[in-house]
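# Architecture and fold: a report
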Amino acid sequence: MMSTFAPASGVTESKAKEFLSVAFLRALAAQAGLNVRPSGEYDDGLDWDVGSIKKPFRDLPCSPNTWLSFQLKATSNWSVVGDALSFWLDRDTYDLLRDECITRTLLLVYCLPQDRARWVTFCSRNGQCDLESHYCEMSHAGFYLDLRGESSLPTASNGEPQTGKTVHVPLQNRLTADSLIGLYRSAIEAYAGGGSE
């Protein structure tokens, strides 16, 4: 049953979803002990970078200013086929993500409930009123995909380019604070080794 929650009309629903995807990434980065910054060119699709200007791990070589770039997408119309999330990417975004650039660039799809009232929920345990009993939750999760090195999209026989592609994001690629740390460690190791991981 859908709720009767009625949001204000100050921003579009798509912009609100974008805000939540950024909040999700910021929350995970905070838990992981990493910085988050908007990319230099917001409209180029590399929305947000995660990393550190300091040496983040004692057991790895010093690699200041190593960053992961994330292209954030948020949707409440997600679908799962088998063990993967199906998501449509336009040609420009697909080409951007498959480019083997120096900075590792990942697609992050943040899946929201269709019911907007469930996007962020506020709860209390056992009806208690003390501070520790209250908490909020962001419903559902984000999943990442590395498209580096994927083949280019074909051109039809009439000369028209393929407009995009449905990509399949494995559900095992759930972004958590732990997996974010793992991705960042591998980026540092690749940077120190002088190549792509």
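Residues numbered from 1 in each chain as written. Predicted model: local features only at pLDDT ≥ 70, side-chain atom pairs only at ≥ 80, totals over all residues. Heavy atoms only, no water.

### Looking at the sheet that holds strand E10 (residues 164–170)
With respect to topology, 3 strands assemble into an open sheet ordered E4-E5-E10, the strand pairing being antiparallel. Each end of this open sheet is capped by a strand with a single partner; those strands are strand E4 (79–81) and E10. Pairs of neighbouring strands in the sheet enclose a mean axial angle of 45°, with direction left out of account. Two strands pair when backbone bridges link them, and E4 and strand E5 (residues 84–90) are joined in this way by 3 bridges, in the antiparallel orientation. For Val80, the partnering residue across the bridge sits in E5 and is Leu85. Against the sheet, helix H2 (residues 91–98) contacts E5 and E10, and its axis sits at roughly 110° relative to E5. (Pairing = 2+ DSSP bridges. Helix = DSSP H or I, 4+ residues; strand = E, 2+ residues; numbered from the N terminus. Axes fitted to C-alpha atoms, helices over the stretch in contact; angles between N-to-C directions. Contact = heavy atoms within 4.5 Å.)

### Focus: the environment of Ala6
Within the secondary structure, Ala6 sits in the segment before helix H1 (13–32). Taking C-alpha positions, Ala6 is 8.3 Å from Ala117, a pair spaced 111 residues apart along the chain.

### Focus on a nonpolar patch on the surface
Taken together, Trp78, Val80 and Leu171 make up a surface patch of nonpolar side chains, about 230 Å² in accessible area. Residue placement: Trp78 occurs in the loop between strand E3 (66–75) and E4. Note on Trp78: relative accessible area 34%, which makes it partly exposed. (Patch = residues over 30% accessible without salt bridge, like charges linked within 9 Å, V, L, I, M, F, W, Y side chains within 5 Å. Areas by Shrake-Rupley, 256 points an atom, 1.4 Å probe, with all protein chains shown as cover. Salt bridge = Lys/Arg side-chain N within 4 Å of Asp/Glu carboxyl O. Buried < 20%, exposed > 50% of the residue type's maximum accessible area, 1.4 Å probe, protein only.)

### Focus: the confidence of the model for the chain
Detailed conclusions should not be drawn from predicted coordinates in areas where pLDDT is low. The share of residues in the chain with pLDDT of 70 or more is 80%, and the mean pLDDT across the chain is 82. The least confident element of the chain, judged by mean pLDDT, is strand E8 (residues 134–138) at 67; the most confident is strand E9 (residues 142–145) at 96. (pLDDT = per-residue confidence, 0-100.)

### Section: the side chain of Thr66
Relative to the elements of secondary structure, Thr66 occurs in strand E3. If we ignore the near neighbours within four places in the chain, the residues touching Thr66 are Val50, Gly51, Ser52, Tyr184, Ala187, Ile188 and Tyr191.

### Focus: the sheet that holds E3
As summarised here, the arrangement of the 5 strands in space is E1-E2-E3-E6-E9, forming an open sheet in which the pairing is mixed. Edge positions in the sheet fall to strand E1 (35–38) and E9, since each has one partner strand and no second. Going from strand to strand, the sheet's axes swing by 30° on average, the running direction of each strand aside. With 4 bridges connecting them, strand E6 (residues 104–111) and E9 associate as antiparallel partners. Counterpart to Val109 in the pairing with E9 is Phe143. Packed on one face of the sheet, H2 meets E3 and E6 and runs near 155° to E3.

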